[in-house]
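What follows is the residue order along each chain.
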Amino acid sequence: MAGTVEQNLVAQGITLPQPTAPVANYVPFVRSGNLLFVSGQVCFGADGKLIAKGKLGGGVSVEDGAAAARGCAINLLAQVKAAIGDLDKVVRVVRLGGFVNSAPDFLDGPKVLNGASDLMVAVFGDKGRHARTTVGVAALPADAAVEVEGIFEIA
């Protein structure tokens, strides 16, 4: 039977994808003690295509950016599950770091990253509340609109 976290995912209409393999010389996650560090995940959807491509403030709306950040969070959870097998072993979402492919005058990066943050809270409840950094960047791999990395405390 699926655990509580996976039941929450189902209630959100989410099926975790197969985690993607790294595209360069790094690993998808590293466990150090009770912390799991998950490499940045771009906003690939279940179909393998980018949920949003291009720059926020330059053709990509805040709403589309938030949907992309949510997709990144889903991909983070797929990596967490691959690392520890059971999402109920997550004690806490510690931190998310978000990178937003931004036009120079785009200032709403935090609104974009709410797509990832809101999903973590919806799935984990209070354990999903986390510290966060949002950074606007000039470019991301594959011209993705958003990339999100995470740190999770695990049992």
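Residues numbered from 1 in each chain as written. Predicted model: local features only at pLDDT ≥ 70, side-chain atom pairs only at ≥ 80, totals over all residues. Heavy atoms only, no water.

A few words now on the overall build of the chain. The helix and strand inventory of the chain stands at three helices and five strands. Radius of gyration (C-alpha) of the chain: 15 Å, near the 15 Å computed for a compact globule of 155 residues. Seen through its principal axes, the chain has C-alpha atoms that stretch 45 × 35 × 30 Å. Considering only intrachain contacts with a sequence separation of at least 6, the fraction spanning at least 24 residues in the chain is 80%. Carbon and sulfur atoms make up 54% of the accessible area of the chain, which amounts to about 7,600 Å² in all. (Helix = DSSP H or I, 4+ residues; strand = E, 2+ residues; numbered from the N terminus. Rg over C-alpha atoms; globule rule 2.2 N^0.38 Å. Contact = heavy atoms within 4.5 Å. Areas by Shrake-Rupley, 256 points an atom, 1.4 Å probe, with all protein chains shown as cover.)

Another aspect to go through is helix α2 (residues 62-84). A turn of α-helix holds 3.6 residues, and therefore any two residues three or four places apart point the same way. Under the 1.5 Å per step criterion, the end-to-end length of α2 is 33 Å for 23 residues, consistent within 8% with the ideal 33 Å. At the C-terminal side of α2, G85 shows a positive phi close to 85°. (Expected span 1.5 Å × (residues − 1).)

Next up on the list: the pattern of salt bridges. Within this structure, the stated rule accounts for four salt bridges. Of the charged contacts, one joins K81 and E6 as a salt bridge, the two residues approaching to 2.9 Å between their closest N and O atoms. Within this pair, whereas K81 is found in helix α2, its partner E6 is found in helix α1 (residues 4-11), the two being separated by 75 residues in sequence. Residue K81 is classed as partly exposed on the basis of its relative accessible area of 30%. (Salt bridge = Lys/Arg side-chain N within 4 Å of Asp/Glu carboxyl O. Buried < 20%, exposed > 50% of the residue type's maximum accessible area, 1.4 Å probe, protein only.)

Turning to the packing of α2 against helix α3 (residues 109-124), a few remarks are in order. The relative placement of two packed helices comes down to the angle between their axes together with the axis-to-axis distance. For the pair α2 and α3, interaxial distance at closest approach is 6 Å and the crossing angle is 45°. On the basis of the axis angle, α2 is oblique to α3. For the element pair α2 and α3, the recorded crossing hand is right-handed. Counting all contacts with α2, which are made through V62, G65, A66, A69, R70, A73, I74, L76 and L77, the residues of α3 involved are K111, V112, L113, G115, A116, L119, M120, V123 and F124. Looking at side-chain class alone, the contact of α2 with α3 contains 14 nonpolar, two polar and two charged residues. (Axes fitted to C-alpha atoms, helices over the stretch in contact; angles between N-to-C directions. Parallel < 35°, antiparallel > 145°, perpendicular 65-115°, else oblique. Left-handed = near helix turned anticlockwise from the far one by under 90°. Nonpolar A, V, L, I, M, F, W, Y, C, P; charged D, E, K, R; others polar.)

Regular strands place their side chains on alternate faces of the sheet. The pairing of strand β1 (residues 29-32) with strand β2 (residues 35-42) spans four bridges and is classified as antiparallel. Residue pairing in the sheet places R31 in a bridge with L36 of β2. The hairpin formed by β1 and β2 contains two residues between the paired strands, and G33 there has a positive phi angle of roughly 60°. (Pairing = 2+ DSSP bridges.)

As a further point, take the nonpolar core. Grouped together as the largest cluster of nonpolar side chains are 40 residues, with contacts concentrated most on V80, V112, M120, F124, V146, V148 and F152. Counting only elements with at least two residues in this core, the list comes to α1, β2, α2, β3 (90-101), α3 and β5 (146-154). For this core, the element with the highest residue contribution is α2, accounting for nine residues. With residues up to four places along the chain from it excluded, the contact list for V80 reads L36, V38, G85, L87, V90 and F152. (Core = buried A, V, L, I, M, F, W, Y, C linked by side-chain atoms within 4.5 Å.)

Nonpolar side chains collect at one region of the surface, where V27, V30 and F37 lie side by side and expose about 230 Å² of accessible area between them. Relative to the helices and strands, F37 is located in strand β2. (Patch = residues over 30% accessible without salt bridge, like charges linked within 9 Å, V, L, I, M, F, W, Y side chains within 5 Å.)

On to the pairing of strand β4 (residues 131-137). In terms of strand pairing, β3 meets β4 through seven bridges, oriented parallel. By the bridge assignment, N101 is partnered in β4 with V137. On the question of chirality, the crossover connecting β3 to the parallel β4 by way of α3 is right-handed. (Right-handed = clockwise from strand over helix to strand, strands pointing away.)

Turning next to the sheet that holds β1. Here we have five strands laid out as an open sheet, ordered β1-β2-β5-β3-β4, and mixed in their pairing. With one partner strand each, in any of the chains shown, β1 and β4 form the two edges of the open sheet. Along the sheet, successive strands turn relative to each other by an average axial angle of 15°, direction set aside. Most of the contacts of α3 go to β3, to which it runs at about 160°, and overall it touches β3, β4 and β5.

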